[in-house]
Amino acid sequence: ADDAGGIDLEAYADVWVFVEVHDGDVMAVSWELLEEGKKLTAKTGEDLVALVIGEDLDAVVREALERGADRVLVADDPVFEPYRADPYGAQFRAMVEERKPSIVLIGGTHTGRDFAGRVAVPTHAGLTADVTEIDVDDDGLLQARRPAFGGDILATILCEEHRPQMATVRPGVFEPGEPDLDGDFATVDEAITAVDVVVDESETISEVLERNVGDTTDITEADRIVAVGAGIEGDLEPAIDLAEALGAELVASRAAVDEGWVDGSRQVGQTGKTVRPELYVALGISGAIQHVEGMNKSGTVIAINTDPNAPIFEHADYGIVGDFADVCPRLAKSLRERDLAEVMP
Amino acid sequence: MTWTIVVGVKQVPDAKEVGIDPDTGRLDRANAPAVMNPPDRHALEAALSIKDVVDARVVAITMGPPMATPVLEEAVAMGCDDAVLITDRAFAGSDTWPTSLTLASAADTLGADVVVCGEETTDSSTGQVPPGIAAHNGWAQLTYVEDLEPRPDEDRLVAVRDVEGGYERVAAELPVVVAVAYGEFDPRPAGLHRKLYAENDFEPIEWTAADLGIEDEVGLDVSPTSVGGMETVDPVDRRGEVVDDVDELASRLAEVIA
Ligand SMILES: Cc1cc2nc3c(=O)[nH]c(=O)nc-3n(C[C@H](O)[C@H](O)[C@H](O)COP(=O)(O)OP(=O)(O)OC[C@H]3O[C@@H](n4cnc5c(N)ncnc54)[C@H](O)[C@@H]3O)c2cc1C
Ligand SMILES: Cc1cc2nc3c(=O)[nH]c(=O)nc-3n(C[C@H](O)[C@H](O)[C@H](O)COP(=O)(O)OP(=O)(O)OC[C@H]3O[C@@H](n4cnc5c(N)ncnc54)[C@H](O)[C@@H]3O)c2cc1C
């Protein structure tokens, strides 16, 4: 069925970035990838193409151009809202087969990781998962690096004889660029292609009965973070108090998310987001490798844990062995007194 | 109608036991004991929970070397009706493309209505295998699943999916591939009786690539990706200073945010 190894690599060109939109809202990772894509096309001399799938996408298409896409491919149809794997996969696959991109970058969100395989499998593309570093060599070969074995290893994955070279990229790892709001988009119409929609509602094999997008806060941009783990046992009050005193965003370990104390959009780690704030305060978090992987690029790490042997202390700059419920209010109080002292002459 | 539920289980090195080789300074995975990928225990529970309410037969499958048999025994001890070991030298070097093809082909051969997998593995953790199985067979898929509502009368499976902050309820037509969100579906303990049977009397079915008719579509040659190199990640250098009292911590904190 598939001509493994026998494809014409020359027939494939350009770097595609998938722009993930839910109900008009763009996921932050899409703009991170567009910025990173610019670095790749600067080396390969190819076009940077944004792919926008969804419904009522004019504003998103415009923003993709403002943020540096050379061209935008749009599939605008009610069948794509809300997201489902089968229509997205079929549409994306058709676009890849017709237009032959060399590199395709997709945000490693639940959505991106859900449908990427439905494109890579039928096109026999290489699909690298959860990439945290990307580069391209002189021959246009993607060097995609990804953590494995819980983050102990960084593996370089190559796709030498197949195209496209697809990758899902972990959210929060790269910086988004600034949109160019005064740019000259006179040629805008030429840059936008409305593609044929190949999916019909009658052929879909899944149906969204109910959708609650919940909390979609982007924790990856926060400068200060207070993180809670299983050790807080549902008692969020002291953590929120400290976060407020610090002007910090609240995040959580997977264990705290699974307990339902904090929303999944705020999970840090291997299966959550990567954050790199100036300050990361970990409360009742043991420091499992899958958690540390998502926060070890933070500036200063502070750990509060009752267990002196908790691994988190090895990943912290400052730590204290103690009960978070006892330490947090005292830290918050001292921070507030300090703020007060600053405004007083 | 009886549902056939196929569960994918993989053997991985025990993440808790992977040490550093004192001579080379490299990770010593070879000596770590092999265990069932922890998220797959949750997949087994999800499959068995469907069987609790729907007339069903649950079959565990693994693609791996014969020494992976203990993960199948564990699955049978938990309550699976049968298990298949898919083993062949031809599989060596398979990336997620042929791996999911092999599992897709086995699921099809078994007449699966539902395939249940873990969210991802603790070794290479791509999370690509479940959508890959669905894609190879053109089946529906439900990933990041937190809850399941089987609808045998409609030939559908309804799932609550985690959507990073919220949730959605999605109905999928059978056959469908499910990837269970790790942490949901607390695995049930194996009954003593089942455990004794699994360990002493049970023999898994064994299939090769040729048995599945895919001998030319597996292994290194058809794998689009390859591992170009691996580096151990140096831990980030931290001060590791543990202070004695809260006031001291407060002043450190004040310095940091000054
Ligand atoms: C495939 C896979 C992916 C994963 N992805 C992620 C991920 O993305 N993010 C993630 O975080 N985890 C992830 N995990 C889970 C990870 O392995 C750990 O299980 C998890 O991080 C543990 O969370 P925790 O530190 O909050 O809880 P625990 O490990 O239970 O630690 C709780 C800590 O709280 C301390 N404590 C108890 N009481 C108090 C108190 N009163 N005051 C202060 N401290 C107290 C305890 O001493 C303990 O150290 C993943 C696991 C797998 C298998
Ligand atoms: C360091 C490293 C990095 C890699 N990176 C990539 C990459 O980026 N892209 C790529 O295509 N390949 C990659 N591979 C190859 C890939 O690891 C193998 O194909 C592997 O067999 C399947 O992937 P996984 O463990 O990530 O499965 P996942 O997709 O994480 O597994 C999810 C679930 O699928 C089921 N499942 C998975 N494997 C089996 C099995 N053998 N038997 C039964 N059920 C199973 C289980 O239920 C499991 O919980 C990499 C390999 C290594 C060593």
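Residues numbered from 1 in each chain as written. Chains lettered and ligands numbered in written order. Predicted model: local features only at pLDDT ≥ 70, side-chain atom pairs only at ≥ 80, totals over all residues. Heavy atoms only, no water.

A. Broad picture of a negative patch on the surface. All names here are of chain A. A cluster of like negative charges, contributed by Glu175, Glu221, Asp223 and Glu278, occupies part of the molecular surface. Within the fold, glutamate 221 resides in the loop between strand S13 (206-212) and strand S14 (224-228). Residue classification places glutamate 221 among the partly exposed residues on the basis of a relative accessible area of 46%. (Patch = residues over 30% accessible without salt bridge, like charges linked within 9 Å, V, L, I, M, F, W, Y side chains within 5 Å. Areas by Shrake-Rupley, 256 points an atom, 1.4 Å probe, with all protein chains shown as cover. Salt bridge = Lys/Arg side-chain N within 4 Å of Asp/Glu carboxyl O. Lys, Arg positive; Asp, Glu negative; His and termini not counted. Charge placed at Lys NZ, Arg CZ, Asp CG, Glu CD. Helix = DSSP H or I, 4+ residues; strand = E, 2+ residues; numbered from the N terminus. Buried < 20%, exposed > 50% of the residue type's maximum accessible area, 1.4 Å probe, protein only.)

B. Fine view of the interface of chain B and chain A. On the side of chain A, 82 residues touch chain B, which itself brings 74 residues to the contact. A combined buried area of about 6700 Å² lies between chain B and chain A, and 54% of that area is made up of carbon and sulfur atoms. Our count for the chain B to chain A interface comes out at eight salt bridges. Here Glu231(B) and Arg145(A) are joined by a salt bridge, their closest N and O atoms 2.9 Å apart. Our enumeration of links across chain B and chain A arrives at 43 residue pairs in polar contact (both at pLDDT 80 or more). Elements supplying a minimum of two residues to the side of chain B that touches chain A: helix H4 (129-137), strand S9 (140-151), strand S10 (156-162), strand S11 (167-173), strand S14 (226-232), strand S15 (241-243) and helix H6 (246-257) of chain B. Among the elements that take part in the side of chain B that touches chain A, H6(B) stands out by supplying eight residues, more than any other. (Contact = heavy atoms within 4.5 Å. Buried area = accessible area lost by both parts, 1.4 Å probe. Polar contact = N/O pair within 3.5 Å; in protein donor to acceptor, adjacent residues only side chain to side chain.)

C. Representation of the domain arrangement of chain A. Residue and element names in this part refer to chain A. Segmenting chain A into domains produces domain 1 (9-203) and domain 2 (219-343). For domain 1 versus domain 2, the separation of C-alpha centres amounts to 33 Å. Taken together, the contact between domain 1 and domain 2 spans 10 residues of the former and 10 residues of the latter. On inspection of domain 1 and its partner domain 2, the count reaches one salt bridge. (Domains from an automatic or database assignment.)

D. Structural view of the site of ligand 2. Within the structure, ligand 2 sits among 35 residues, and Gly8(B), Lys10(B), Asp40(B), Thr96(B) and Ser124(B) are positioned closest to it. Lying at an intersection of chains, ligand 2 is approached by residues of chains A and B. In the environment of ligand 2, an oxygen atom lies 3.0 Å from a nitrogen or oxygen atom belonging to the backbone of Asp95(B). Measuring from an oxygen atom of ligand 2, one finds a backbone N or O atom of Gly118(B) at 2.9 Å. (Near = heavy atom within 4 Å.)

E. Spatial organisation of the site of ligand 1. Taken together, 28 residues surround ligand 1, and among them Ala230(A), Ser253(A), Thr271(A), Ser286(A) and Asn305(A) come closest. Mapping the residues near ligand 1 onto chains gives chains A and B. His291(A) places a side-chain nitrogen or oxygen 2.9 Å from an oxygen atom of ligand 1. Protein coverage of the free-state accessible area of ligand 1, which is 1000 Å², stands at 81%. Where the shell around ligand 1 is concerned, the elements lending two or more residues are helix H7 (254-258), helix H8 (289-292) and strand S17 (300-305) of chain A. Among the residues making up the shell around ligand 1, the classes are represented as eight nonpolar, 16 polar and four charged. (Nonpolar A, V, L, I, M, F, W, Y, C, P; charged D, E, K, R; others polar.)

F. Representation of the environment of Gly229(A) within the structure. All names here are of chain A. Turning to its location among the elements, glycine 229 is positioned in the loop between S14 and helix H6 (237-246). Counting along the chain gives 57 residues from glycine 229 to serine 286, while the straight-line C-alpha distance between them is 7.7 Å. Contact partners of glycine 229, with chain neighbours within four places excluded, come to Ser253, Ala256, Trp261, Leu283, Gly284 and Ile285.

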